[in-house]
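# Examination of the molecular architecture
For reference, the chains in residue letters:
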Amino acid sequence: MDTLIIDGYSLLFRSTKAPETRTPDWVDRERLALIERITRMQAHLPRRIQLVFDGRESSRQFNLPSTRVELLYSSAAQSADLLIEELVRRHPDPAKVNVVSSDRRVVERAQILGARATTCSSFLSLLEEESRGLRRDLHRVRARQRPNRVGDYFPGEPPPST
């Protein structure tokens, strides 16, 4: 896989628990959190990541520290679903594309065009598993490090004799 196309709102609504009363900025906050989560995990994802949202909600722009995560908003005349389909169709080798969505129609169209498809639940499980693995690796690295000693803070002085 060299390209991951994510149905942004499909993933967003599977990854968060909607509050009983949504504030007007709830979607913006959750969208930003999702973008940040994908960006943090980008080293463990395919080379190109396209996160697609409906354009009607694109009033807020985000500065991404990465060029690997591309935010795409559909036009007013087109849904994100149709934009995802168009992205798969335009890809030079759709077999190298994985579409993440829980929308049955999006999944079916992606597969008909030759792409792989992953449900949002499966993708979130993979992200969580990868995140746990990274935390375990970090814990192992920290456990192997020797504890700080007084000499670490006063270099050049002879170590205390015991």
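Heads up: the structure comes first, above all this text.
Thresholds, definitions, all that
- Within each chain, residues carry numbers counting from 1 in the order of the written sequence.
- Residues qualify for local features only when their pLDDT is at least 70, as the model is predicted, and side-chain atom pairs are given and counted only at 80 or more; totals for whole chains, interfaces and linings, by contrast, use all residues.
- Neither water nor hydrogens contribute to the side-chain values; these are computed over all heavy atoms in the structure.
- Secondary structure elements follow DSSP: runs of H or I no shorter than four residues count as helices, runs of E no shorter than two count as strands, and numbering proceeds from the N terminus.
- Think of it in three bands: residues with accessible area under 20% of the maximum for their type are buried, residues over 50% are exposed, and the middle band is partly exposed, with areas taken using a 1.4 Å probe on protein chains only.
- In what follows, residue pairs with any heavy atoms lying within 4.5 Å of each other are defined as contacts.
- A pair is scored as a salt bridge if a Lys or Arg side-chain nitrogen falls within 4 Å of a carboxyl oxygen belonging to Asp or Glu.
- At least two DSSP bridges between two strands are required for those strands to pair.
- Only the contacting stretch of a helix is used when fitting its axis, a line to C-alpha atoms as for every element, and angles between N-to-C directions run 0 to 180 degrees.

## So, the side chain of Asp2
- When you line up the elements, Asp2 lands in the segment before β1 (3-7).
- Here Asp2 falls in the buried class, since its relative accessible area comes to 17%.
- In this structure, Asp2 is in contact with Pro46, Arg47, Arg48, His91 and Lys96, ignoring residues within four places of it in sequence.

## Quick word on the pattern of salt bridges
- Under the defined criterion, the tally for this structure stands at 10 salt bridges.
- Taken together, the shared-partner salt bridges connect Glu85, Arg89, Arg105 and Arg109 into one network.

## Considering the sheet that holds strand β2 (residues 48-53)
- The 5 strands lie next to each other as β3-β2-β1-β4-β5, forming an open sheet whose pairing is parallel. Of all strands in the sheet, those with a lone pairing partner are β3 (69-73) and β5 (116-118), marking the two edges. Averaged over neighbouring strand pairs, the angle between their axes works out to 20 degrees when direction is ignored.
- Here 4 bridges tie β1 to strand β4 (residues 97-100), and the two strands are oriented parallel to one another. What sits directly across from Thr3, in β4, is Val97.
- Packed on one face of the sheet, helix α1 (residues 8-15) meets β1 and β2 and runs near 65 degrees to β1.

Keep in mind that these numbers describe shape and distance, not what the molecule does.
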